[in-house]
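Listed below, chain by chain, are the residues.
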Amino acid sequence: MPPSPQTVVVDGLGLAQEMRKEMSEVIGRHLSQDRRAPCLAVVLVGDDPASASYIKGKRRACKRIGMESVERKLPKETTEAELLEVLDELNSDDTVDGILVQLPLPGGISANTIATAIDPAKDVDGLNPVNVGRLVLGEPCHVPCTPAGIMEILERFETPLEGAQAVVIGRSAIVGKPISLLLQQANATVTMCHSRTRDLADVCRTADVLIAAVGVPKLVKGDWVKPGASVIDVGVSSVDGELVGDVDTEGVQGRAKIVTPHRRGVGPMTITLLLANTLSAYEANLA
Ligand code: NAP
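Residues numbered from 1 in each chain as written. Predicted model: local features only at pLDDT ≥ 70, side-chain atom pairs only at ≥ 80, totals over all residues. Heavy atoms only, no water.

**A few points about the overall build of the protein chain**
Check the secondary structure of the protein chain and you find ten helices and eleven strands. Seen through its C-alpha atoms, the protein chain measures out along the principal axes to roughly 55 × 45 × 40 Å. By residue count, 48% of the 287 residues in the protein chain fall in the buried class. Once local pairs closer than 6 in sequence are excluded, the contacts in the protein chain between residues at least 24 apart make up 71%. If you sum the accessible surface of the protein chain, you get close to 13,900 Å²; carbon and sulfur atoms cover 52% of it. (Helix = DSSP H or I, 4+ residues; strand = E, 2+ residues; numbered from the N terminus. Buried < 20%, exposed > 50% of the residue type's maximum accessible area, 1.4 Å probe, protein only. Contact = heavy atoms within 4.5 Å. Areas by Shrake-Rupley, 256 points an atom, 1.4 Å probe, with all protein chains shown as cover.)

What follows is the structure, given as structure tokens:
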């Protein structure tokens with residue numbers, strides 16, 4: 001691949017706005033045919049300020065595209081059994097298309113038990129084992145929002161994936177594993193790296209597509225990046241009160257073909273794909 005003297009810094013917010021406009025037009029068409037608006041239910045347990053702010057952002061994003069959202073705020077003392085009851089209620093409510101339980105959950109509540117209790121058709125975070133299994137099998141399913149957003153970015157930037165070498169750093173259930181599967185389904189040859197990977201820098205240098213989903217500030221240095229590679233920085237860490245990504249964005253300038261910035265990169269696309277998953281759950285519900 002030739003070197004890229006001009007690295008394109010991906011405008012994730014711009015892409016997200018484009019997609020949200022498309023979705024708001026689709027919702028407008030449904031409303032004009034006297035259908036109800038799609039509806040996302042968000043469940044927050046406890047009073048973590050970061051979680052409360054994420055939920056607020058998600059509800060605002062729903063409103064802006066004409067999507068309804070309902071919020072269930074539960075005290076931090078809520079037991080797993082009580083949360084399961086709330087989920088039962090939302091599962092059987094025909095006017096709720098998507099359900100999102102904000103993570104992390106307080107101690108004593110298993111995130112896996114909760115994901116398993118959400119109706120797979122309403123599991124817009126894609127964490128129910130049924131959706132995870134369908135993703136592994138390559139069947140239609142709700143895909144976790146961050147990996148789905150990354151695939152949209154790669155597609156909209158016409159990144160060739162067929163036969164490409166892809167390296168994913170991080171193997172979480174929410175980012176690393178699903179993005180590895182999606183890249184493999186797009187016929188990339190995928191290498192998954194983690195905290196025990198030897199010679200990480202050398203592995204990264206083989207990548208045509210490099211995804212960093214770690215949470216270690218500026219782990220990926222400029223000289224880890226193959227000239228012409230597409231670099232997606234998922235990580236977000238706080239250093240001295242400032243948000244920092246996993247990639248040394250300045251260091252990759254002039255080497256990478258594209259790079260996502262740690263602000264206005266993958267983040268806005270994650271929320272947008274939550275909206276997209278809810279819209280597709282709504283359309284399946286109507287059908
Ligand atoms: P996670 O569950 O903590 O997983 C981190 C992964 O990184 C693990 O697989 C871990 O390996 C690996 N790792 C840790 N240190 C490493 C090192 N020095 N070298 C290589 N691998 C290393 O995190 P996550 O939920 O996937 O999130 C990752 C980052 O993305 C976080 O900063 C998070 O805030 C951010 N994030 C952003 C968005 C967004 O929308 N922008 C969405 C989700 C997550 P082991 O498995 O061996 O422990």
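Still more ground to cover, so stick around.
**What about the sheet that holds strand β11 (residues 258-259)?**
Taken together, six strands build an open sheet; the order of strands is β1-β11-β8-β7-β5-β6 and the sheet is parallel. Unpaired on one side and paired on the other, β1 (8-9) and β6 (189-193) mark the two borders of the sheet. Each of β5 (165-169), β6 and β7 (209-212) touches helix α7 (residues 176-185); the most contacted strand, β6, lies at about 165° to it. (Pairing = 2+ DSSP bridges. Axes fitted to C-alpha atoms, helices over the stretch in contact; angles between N-to-C directions.)

**Thoughts on the pairing of strand β8 (residues 230-233)**
Residue alternation in β8 divides its side chains into two sets, Ser230 and Ile232 and Val231 and Asp233, and both sets are buried. In the sheet, β7 pairs with β8 via four bridges, with the strands oriented parallel. Counterpart to Val209 in the pairing with β8 is Ser230. Note that β8 and β11 share two bridges and pair parallel. In the strand pairing of β11, Val231 is matched with Val259.

**Concerning the site of the ligand**
In the vicinity of the ligand there are 19 residues, among which Arg171, Ser172, Ser195, Val236 and Thr270 approach most closely. Here a nitrogen atom of the ligand and a backbone polar atom of His194 are 3.4 Å apart. Thr270 is positioned with one of its side-chain polar atoms (N or O) 2.8 Å from an oxygen atom of the ligand. (Near = heavy atom within 4 Å. Polar contact = N/O pair within 3.5 Å; in protein donor to acceptor, adjacent residues only side chain to side chain.)

**Here's the deal with the sheet that holds strand β4 (residues 98-101)**
On the basis of which strands lie adjacent, the open sheet formed by three strands has the order β3-β2-β4 and parallel pairing. In this open sheet, the two strands that pair with only one neighbour each are β3 (68-74) and β4. Neighbour-to-neighbour, the strand axes of this sheet turn through a mean angle of 15°, independent of strand direction. The pairing of strand β2 (residues 39-45) with β4 spans four bridges and is parallel. Bridge assignment links Val43 to a residue of β4, and that residue is Val101.

**Points about the packing of helix α6 (residues 145-156) against α7**
Look at α6 against α7: their axes get within 9 Å of each other, and the N-to-C directions meet at 40°. Viewed along their axes, α6 and α7 adopt a mutual orientation that is oblique. In the packing of α6 onto α7, the handedness of the crossing is right-handed. The segment α6 lies against α7, with Pro147, Ala148, Ile150, Met151 and Leu154 engaging Pro178, Ile179, Leu182 and Leu183. Class assignment of the residues belonging to the contact of α6 with α7 gives a composition of nine nonpolar, no polar and no charged. (Parallel < 35°, antiparallel > 145°, perpendicular 65-115°, else oblique. Left-handed = near helix turned anticlockwise from the far one by under 90°. Nonpolar A, V, L, I, M, F, W, Y, C, P; charged D, E, K, R; others polar.)

**Details of the pattern of salt bridges**
In total, this model carries eleven salt bridges according to the counting rule given. Where Arg156 meets Glu22, a salt bridge forms, and the shortest distance between an N and an O atom there is 3.4 Å. Of the two residues, Arg156 is situated in helix α6 and Glu22 in helix α1 (residues 12-32); the sequence distance between them amounts to 134 residues. Where Glu71 meets Arg59, a salt bridge forms, and the shortest distance between an N and an O atom there is 2.9 Å. On the criterion of sequence distance, the pair formed by Glu71 in strand β3 and Arg59 in helix α2 (residues 49-64) is long-range, its members being twelve residues apart. (Salt bridge = Lys/Arg side-chain N within 4 Å of Asp/Glu carboxyl O.)

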